[in-house]
Amino acid sequence: MSAIVIAIANQKGGVGKTTTSVNLAAALAAIGKKTLLLDLDPQANATSGVGVEKVEGKNSYPALLGEEKLADLIVETPWKDLWLIPGGLDLCGADIEFPRLPGNHLARLKDALEPVLTQRDFDIVVIDCPPSLSVLTLNAFVAARWLLIPLQCEYYALEGVSMIMRIYNQICESEESCKLELLGVLMTMFDGRTRLSQQVVADVREYFGEKVFETLIPRAVRLAEAPSFGKPVMYYDAYSAGTSAYSVLAEEVLSKLKIKKCKTRN
Ligand SMILES: Nc1ncnc2c1ncn2[C@@H]1O[C@H](COP(=O)(O)OP(=O)(O)OP(=O)(O)O)[C@@H](O)[C@H]1O
Ligand SMILES: [Mg+2]
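Just so we're clear, the structure is a prediction, and the values are computed from it rather than from any experiment.

Apart from glycine, the bulk of residues carry a negative phi angle, and the bulk of peptide bonds sit in the trans form. One non-glycine residue with positive phi stands out, namely Ala44, at about 55°. In this fold, Ala44 is placed in the loop between β2 (35-39) and α2 (45-49). Given a relative accessible area of 2%, Ala44 falls into the buried group. Positioned with a positive phi, Met189 is a non-glycine residue whose angle comes to about 55°. Along the chain, Met189 falls in the loop between β7 (181-188) and α8 (195-208). Judged by relative accessible area, which is 21%, Met189 ranks as partly exposed.

Structural data, given as structure tokens:
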């Protein structure tokens, strides 16, 4: 069976995309799902976040150009059942290079990923997108089945969401092969002590309804510290609030996927 592909995207910077990609991927892997983390960001924060050294030229870019096989770029991580395709600065070239190449420039990742999905036995692929609605993010939209949008619990959380939703709708309509569906909106950096955080969650729930994950990711210092040790938070501090939040999120993601699979079958 082919793996489930989830893109984690929001064009807004610093909302918790990478933190969510790394820690959700690690939590899914820890419960026995063979997970591939695909770092599609030139900043490559997800790569260093799982303890893999950034090596110049060692990233998905040559495979996206059709020069190498994506499967050959998969690296092991120190963590159980978690593999990685590193990100790197080369990915900056995508906006200029992809449209120049023959074929659909928005389907380059989908085409490169297809053999990985059919030939390797991953259960889940998590794609960490860059903070833009660039050609890389659009490639992730076309390659993925599910979209997870992290929103930071701040006053301007909903600002910009209409932009990502518009692009999401446009790409679903224009790309025949696009099967993307919104899996959910994840509230990050929640601070239960502030009225602002609670108000923002209430506003987002009013806007997105049941699409908002019940799990709230707390603002937690361990989550901010863990990347500098190259560890997902669960391997940095097993008993921290961040660890338990991302474990609960992993269970919620799996149960949402199960429900949706049943619905599609009927
Ligand atoms: N729940 C949290 N609690 C505390 N700090 C957090 C939390 N989530 C993320 N951070 C910190 O906030 C910063 C931004 O997070 P992160 O890198 O995950 O966001 P991003 O959306 O991937 O950013 P970019 O848009 O630059 O890719 C980082 O320093 C990270 O450690
Ligand atoms: Mg990031």
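Right, picking up where we left off after that structure.
Looking now at the packing of aromatic side chains. Applying the stated criterion across every chain yields a total of 6 aromatic pairs. Taking the centre distance of 6.1 Å and the plane angle of 10° together, the rings of Tyr61 and Phe98 count as stacked. Of this pair, Tyr61 sits in helix α3 (residues 61-64) while Phe98 sits in the loop between α4 (94-97) and α5 (108-119); the two residues are 37 residues apart in sequence, bridging distant segments of the chain. Summarising the burial analysis for this pair, Tyr61 and Phe98 share the class buried. Ring geometry for Tyr207 and Phe208: centres 4.8 Å apart, planes at 70°, overall edge-to-face. Above the face of the Trp146 ring, Arg145 is positioned so that its terminal group lies 4.4 Å from the ring centre.

Turning our attention to the site of ligand 1. Taken together, 18 residues sit near ligand 1, with Lys17, Thr18, Thr19, Pro218 and Ala220 positioned nearest. Here Gln43 contributes a side-chain N or O atom positioned 3.3 Å from an oxygen atom of ligand 1. Alone, ligand 1 offers 630 Å² of accessible surface; in the complex the protein occludes 80% of this. Contributing elements (two or more residues each) for the shell around ligand 1: α1 (17-30) and α9 (221-225). A per-element tally of the shell around ligand 1 places α1 first, with 3 residues. Classifying every residue of the shell around ligand 1 gives 8 nonpolar, 6 polar and 4 charged.

Let us look at the environment of Gln119. Locating Gln119 in the fold gives a position in helix α5. When its relative accessible area of 64% is taken as the criterion, Gln119 is described as exposed. Residues Gln119 and Ser2, 117 residues apart in the sequence, show an inter-C-alpha distance of 8.7 Å.

Put simply, helix α6 (residues 135-143) and helix α7 (residues 161-174) touch, their axes get as near as 11 Å, and they point 55° apart. The angle between the axes of α6 and α7 places the two elements in the oblique class. In the packing of α6 onto α7, the handedness of the crossing is right-handed. Where α6 approaches α7, its residues Leu138, Phe141 and Val142 are matched on the opposing element by Ile164, Ile167, Tyr168 and Ile171. A per-class count over the contact of α6 with α7 returns 7 nonpolar, no polar and no charged.

Thresholds applied
- Residues numbered from 1 in each chain as written.
- Chains lettered and ligands numbered in written order.
- Predicted model: local features only at pLDDT ≥ 70, side-chain atom pairs only at ≥ 80, totals over all residues.
- Heavy atoms only, no water.
- Helix = DSSP H or I, 4+ residues; strand = E, 2+ residues; numbered from the N terminus.
- Buried < 20%, exposed > 50% of the residue type's maximum accessible area, 1.4 Å probe, protein only.
- Phe/Tyr/Trp six-rings, centres within 6.5 Å; stacked < 30°, edge-to-face > 60°.
- Lys NZ or Arg CZ within 6 Å of the ring centre and 35° of its normal.
- Near = heavy atom within 4 Å.
- Polar contact = N/O pair within 3.5 Å; in protein donor to acceptor, adjacent residues only side chain to side chain.
- Areas by Shrake-Rupley, 256 points an atom, 1.4 Å probe, with all protein chains shown as cover.
- Nonpolar A, V, L, I, M, F, W, Y, C, P; charged D, E, K, R; others polar.
- Axes fitted to C-alpha atoms, helices over the stretch in contact; angles between N-to-C directions.
- Parallel < 35°, antiparallel > 145°, perpendicular 65-115°, else oblique.
- Left-handed = near helix turned anticlockwise from the far one by under 90°.
- Contact = heavy atoms within 4.5 Å.

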